[in-house]
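Chains, contacts and geometry: an overview
Here are the chains, one letter per residue:
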Amino acid sequence: MILAIESSCDDSSVALMKIDDYSLFFHKKISQEAVHSSYGGVVPELAARLHASALPKIVEKTVPYLKDVKAVAVTNEPGLSVALIEGVMMAKALSIGLGVPLLPINHLKGHIYSLFIGHEAKLPLGVLLVSGGHTQILDVKSYDDIKILASTLDDSFGESFDKVAKMLHLGYPGGGVIEKYAKKGCDRFNFTVPMQRSKEIAFSYSGLKNQVRLAIQNLKSDITQKDMEDISASFQTAAISHILKQCERVFKQNPFKEFAIVGGAAANQELRKQMVFLCKKFDMRVSFAPLEFCSDNAAMIARAGIEAYKLKRFVSVNEIKINPRCGF
Ligand code: KG4
Ligand code: ZN
């Protein structure tokens, strides 16, 4: 089996996955969301301290199976440096103790391989990665051949939900709660969809965030539950429209046979529904990361870890590096 560790942001997670059939043998995640919620976002130093106490607790539960571990996969890029360090330190200790090699795993590849938990990878594939840190359209040909076709110029899709939730005092993370509010609201504010006049194929959410801020300011302290639901609905409509418009531009230039949506924000039901329509229009098959593996988890790191294991991407404890701000 591969033992995998994920600690790039605010989830401490450990998984064991069987190398021969990609089946998930053990998986546990301790989320820090409730702790960070009162700050309206992730506090890195606090995240690191919570990883330091959570990871050993989870690893302890894997002790009976450690004799079967052939390598330790760990997220080493991208992410919060102080959070990544906790996972990498744990992985180094396990690698030394068990006498097995380390496999450094790119978190974004982990999200892509969340599509293949329990089975072989089916590539090539177009991928929309929507998370708290990234919004990208990717051309994924193999584990090593991933081309970025579009990415964000400022905030990410998930991050914009978090910021709107913060402005409405709805806690962190914002994705789930804004989606819930949006379901009850209507598109009364008619926010402008970003980058419609630009020819560039990219994403930008800072302008939309500002439109929301101004709408909230105009309502002053009289803001009602209905206003909050309508702001959420209007924001979500514009945010998803932006994704669809940019995807459409990419599909016109680069039609895929298969397309998939991954990352924490791939849990958004409205986005899923609209992507199904769009992909149908382009005669493309569409799939989604399983809901339980959309947000950060170690199962996806284990799955990417098996690819790395088969490609013999082993490194020693002295070689593994942390890259907080890298792409692929
Ligand atoms: O992949 P993930 O767990 O962490 C990163 O790698 O960033 O994604 C977390 C992000 C958060 O910004 C969260 O608000 C967003 O995914 N998210 C959603 C939804 N559920 C989670 N965004 C929109 N709609 C949702 N239902
Ligand atoms: Zn992630």
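Definitions and cut-offs
- Residues numbered from 1 in each chain as written.
- Chains lettered and ligands numbered in written order.
- Predicted model: local features only at pLDDT ≥ 70, side-chain atom pairs only at ≥ 80, totals over all residues.
- Heavy atoms only, no water.
- Donors = N, O, S within 2.8 Å, 3.2 Å for Na, K, Ca; no water.
- Tetrahedral: all angles 85-135°; square planar, octahedral: opposite > 155°, others 65-115°.
- Helix = DSSP H or I, 4+ residues; strand = E, 2+ residues; numbered from the N terminus.
- Buried < 20%, exposed > 50% of the residue type's maximum accessible area, 1.4 Å probe, protein only.
- Axes fitted to C-alpha atoms, helices over the stretch in contact; angles between N-to-C directions.
- Parallel < 35°, antiparallel > 145°, perpendicular 65-115°, else oblique.
- Contact = heavy atoms within 4.5 Å.
- Nonpolar A, V, L, I, M, F, W, Y, C, P; charged D, E, K, R; others polar.
- Pairing = 2+ DSSP bridges.
- Near = heavy atom within 4 Å.
- Polar contact = N/O pair within 3.5 Å; in protein donor to acceptor, adjacent residues only side chain to side chain.
- Areas by Shrake-Rupley, 256 points an atom, 1.4 Å probe, with all protein chains shown as cover.
- pLDDT = per-residue confidence, 0-100.
- Core = buried A, V, L, I, M, F, W, Y, C linked by side-chain atoms within 4.5 Å.
- Domains from an automatic or database assignment.

1. Here we look at the coordination of the zinc ion (ligand 2)
Within the protein, the zinc ion (ligand 2) binds to His-107 (NE2), His-111 (NE2) and Asp-296 (OD); these donor distances fall in the range 2.0 to 2.1 Å. Its 4 donor atoms give the zinc ion (ligand 2) angles of 95 to 138° at the centre, a pattern that matches the irregular case. The motif formed by the donor residues of the zinc ion (ligand 2), counted along the single chain, is H-x3-H-x184-D. Note that His-107 is positioned in helix H4 (residues 107-113) and Asp-296 in the loop between strand S10 (285-288) and helix H10 (298-310), a separation of 189 residues in sequence. Given a relative accessible area of 7%, His-107 falls into the buried group. Taking relative accessible area as the criterion, Asp-296 reaches 13% and is therefore assigned buried.

2. Concerning the packing of helix H6 (residues 175-184) against helix H8 (residues 225-253)
Between H6 and H8, whose axes approach to 7 Å, the crossing angle comes to 105°. In terms of their interaxial angle, H6 and H8 are classed as roughly perpendicular. Residues Ile-178, Glu-179, Tyr-181, Ala-182 and Lys-184 of H6 lie in contact with H8, whose contacting residues are Gln-225, Lys-226, Met-228, Glu-229, Ser-232, Ala-233, Phe-235 and Gln-236. Classifying every residue of the contact of H6 with H8 gives 6 nonpolar, 3 polar and 4 charged.

3. Some words on the sheet that holds strand S5 (residues 102-106)
Ordered by their spatial adjacency, 5 strands build an open sheet running S3-S2-S1-S4-S5, and the pairing between neighbours is mixed. Each end of this open sheet is capped by a strand with a single partner; those strands are strand S3 (24-31) and S5. Geometrically, the sheet is characterised by an average inter-axis angle of 20° between neighbouring strands, direction not taken into account. Packed on one face of the sheet, helix H2 (residues 44-61) meets strand S1 (2-6), strand S2 (11-17) and S3 and runs near 25° to S2. In this fold helix H3 (residues 81-98) packs onto S1, strand S4 (71-77) and S5, with an angle of close to 160° to the strand it touches most, S4.

4. Here we look at the side chain of Asp-230
Note on placement: Asp-230 falls in helix H8. What makes Asp-230 buried here is its relative accessible area of 2%. Residue contacts for Asp-230: discarding those within four places in its chain leaves Gly-185, Cys-186, Arg-188 and Phe-189.

5. Topic: the pairing of S1
Judged by how many residues are buried, S1 sits mostly within the fold: 5 of 5 residues are covered. Alternating residues of S1 divide into Ile-2, Ala-4 and Glu-6 and Leu-3 and Ile-5, and every residue in both groups is buried. Relative to S2, S1 runs antiparallel, the two being bridged by 5 bridges. Within S2, the residue paired with Ile-2 across the bridge is Met-17.

6. Considerations on the site of ligand 1
Close contacts around ligand 1 come from 21 residues, with Gly-132, Asp-162, Glu-179, Gly-264 and Asp-296 the closest. Contact distances for ligand 1 include 3.1 Å between an oxygen atom and a backbone N or O atom of Gly-133. One nitrogen or oxygen atom from the main chain of Asp-296 is found 3.0 Å from an oxygen atom belonging to ligand 1. For ligand 1, whose free accessible area comes to 560 Å², the fraction covered by protein is 87%. Breaking the shell around ligand 1 down by element, the ones donating at least two residues are H4, helix H5 (157-167) and H6. It is H5 that contributes the most residues to the shell around ligand 1, 4 residues altogether.

7. A word on the confidence of the model for the protein chain
Looking at the protein chain as a whole, its pLDDT mean stands at 97, while 100% of the residues score no less than 70. Looking across the protein chain, the model is least confident in helix H1 (residues 33-37), with a mean pLDDT of 94, and most confident in S1, with 99.

8. Regarding the nonpolar core
If you look at the biggest cluster of nonpolar residues, it comprises 80 residues, and the most contacted ones within it are Leu-128, Phe-157, Ile-243, Phe-251, Phe-259 and Met-275. The element that contributes the greatest number of residues to this core is H8, accounting for 11 residues. Residue contributions to this core reach at least three from each of two domains, namely domain 1 (2-117 + 293-310) and domain 2 (125-289). Those residues in contact with Met-275, other than ones at most four positions away along the chain, are Leu-128, Ile-243, Leu-244, Cys-247, Phe-251, Phe-259 and Ile-261. In this structure, Ile-5, Leu-55, Met-90 and Ile-320 belong to the second largest nonpolar core, which totals 20 residues.

9. Some points on the environment of Ser-160
Note that Ser-160 resides in helix H5. For Ser-160, a relative accessible area of 1% corresponds to the buried category. Linking Ser-160 and Ser-204, residues 44 residues apart in sequence, is a C-alpha distance of 9.7 Å. Among all residues touching Ser-160, those that are not within four sequence positions of it are Tyr-205 and Phe-235.

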